[in-house]
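Here are the chains, one letter per residue:
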Amino acid sequence: VNPANTSRTCSRCGHCAAENRVSQAVFRCTACGHAAHADVNAARNILRAGLALRRAAQAA
Ligand SMILES: [Zn+2]
């Protein structure tokens, strides 16, 4: 899975903005207010992207 942008994309609403990344450790979405540890948020996005790829592969 390509991890590009996962660290600045909201795992709740999908909003992607550099401003979401408050610091190296803290993520806070400027759209919905969702706040989480930056690594946890990125991991959720990577997981979702991986599952989507797997579903696509199974359907093919
Ligand atoms: Zn959000």
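Look up a bit, the structure's there.
Remember, predicted model here, so these are calculated numbers, not experimental data.

Draft legend 1. Broad picture of the coordination of the zinc ion. At this site the zinc ion is bound by C10 (SG), C13 (SG), C29 (SG) and C32 (SG), with donor distances of 2.3 Å. In primary sequence terms, the donor set of the zinc ion follows C-x2-C-x15-C-x2-C. With C13 in the segment before β1 (26-28) and C32 in the loop between β1 and β2 (35-37), this residue pair connects regions lying 19 residues apart in the sequence.

Draft legend 2. Structural context of helix α1 (residues 38-59). For α1, spanning 22 residues, the distance from its first C-alpha to its last is 32 Å, which sits close to the expected 32 Å at 1.5 Å a residue. Buried within α1 are the following residues: A38, N41, A42 and N45. Angularly, the buried residues of α1 cover 100 degrees about the axis, an arc narrow enough to put them on a single face. Across α1 from its buried face, at more than 90 degrees, point the exposed residues D39, L47, R54, R55, A57 and Q58. Each element contacted by the buried residues of α1 is listed here: β1 and β2.

Draft legend 3. A look at a nonpolar patch on the surface. Residues V1, I46 and L53 make up a contiguous nonpolar surface patch of about 270 Å² in total accessible area. Since its relative accessible area comes to 52%, L53 is described here as exposed.

The rules behind the values
Residues numbered from 1 in each chain as written. Predicted model: local features only at pLDDT ≥ 70, side-chain atom pairs only at ≥ 80, totals over all residues. Heavy atoms only, no water. Donors = N, O, S within 2.8 Å, 3.2 Å for Na, K, Ca; no water. Helix = DSSP H or I, 4+ residues; strand = E, 2+ residues; numbered from the N terminus. Expected span 1.5 Å × (residues − 1). Buried < 20%, exposed > 50% of the residue type's maximum accessible area, 1.4 Å probe, protein only. Arc of directions from axis to C-beta. Contact = heavy atoms within 4.5 Å. Patch = residues over 30% accessible without salt bridge, like charges linked within 9 Å, V, L, I, M, F, W, Y side chains within 5 Å. Areas by Shrake-Rupley, 256 points an atom, 1.4 Å probe, with all protein chains shown as cover. Salt bridge = Lys/Arg side-chain N within 4 Å of Asp/Glu carboxyl O.

By themselves, these observations are geometric and do not establish any function.
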